[in-house]
Amino acid sequence: QVQLVESGGGLVQAGGSLRLSCAASGRYTMGWFRQAPGKEREFVAAISWNGGSTAYADSVKGRFTISRDGAKNTIYMQMNSLTPEDTAVYYCTAGGIDITRANPGTYWGKGTLVTVSS
């Protein structure tokens, strides 16, 4: 069983920054998805198990950066230039992710809320 624990969400003004973290119970290709109120869950970013490959949704390219600390089995997502449209619950996922397809993983964290005020 893969365990994922997210942290780092919160309230920020438009134009601000936040960094999300997700600690895993092992080393996996991992990703972030988000779900805004009334919308479907959507892909945000993913990173390969060794950190060698990354993928981003077009909506966050140039603003979000995904990275990982292999020694801690933890991934991070630095989110800059946030807009109200980034408001959502952000979920960490792992297990069976193909970074070229940006598919959701088998396992999910509980999510962390990011709220961007205008």
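Residues numbered from 1 in each chain as written. Predicted model: local features only at pLDDT ≥ 70, side-chain atom pairs only at ≥ 80, totals over all residues. Heavy atoms only, no water.

Moving on, we get to unusual backbone geometry. Even without being glycine, N73 reaches a positive phi, approximately 50°. Relative to the helices and strands, N73 is located in the loop between β7 (64-69) and β8 (74-79). (Helix = DSSP H or I, 4+ residues; strand = E, 2+ residues; numbered from the N terminus.)

Under the definition given, this model contains 5 salt bridges. Put simply, R63 and D86 hold a salt bridge, and the shortest N to O gap is 2.7 Å. One end of the pair, R63, is in the loop between β6 (54-56) and β7; the other, D86, is in the loop between β8 and β9 (88-94), and 23 residues separate them in sequence. Using a relative accessible area of 17% as the deciding quantity, one classes R63 as buried. Across the salt bridge formed by D98 and R101, the nearest N and O atoms sit 3.5 Å from each other. Linked by salt bridges that have partners in common, R34, E42, R63 and D86 make up one network. (Salt bridge = Lys/Arg side-chain N within 4 Å of Asp/Glu carboxyl O. Buried < 20%, exposed > 50% of the residue type's maximum accessible area, 1.4 Å probe, protein only.)

Among the nonpolar cores identified, the biggest contains 32 residues, and W32, M77, M79 and Y90 are the most heavily contacted of them. Of all the elements in the fold, those that place two or more residues in this core are β3 (18-24), β4 (30-35), β5 (42-47), β7, β8, β9 and β11 (112-117). With 5 residues, the single largest contributor to this core is β5. (Core = buried A, V, L, I, M, F, W, Y, C linked by side-chain atoms within 4.5 Å.)

Next up on the list: the packing of aromatic side chains. Going through the model one piece at a time under the given rule, you end up with 3 aromatic pairs. Judged by centre distance (5.5 Å) and plane angle (75°), the ring pair of F33 and W108 falls under edge-to-face. Taken together, the residues span a long stretch of sequence, with F33 in strand β4 and W108 in strand β10 (residues 107-108) at a distance of 75 residues. Exposure remark for W108: the relative accessible area of 31% places this residue in the partly exposed category. (Phe/Tyr/Trp six-rings, centres within 6.5 Å; stacked < 30°, edge-to-face > 60°.)

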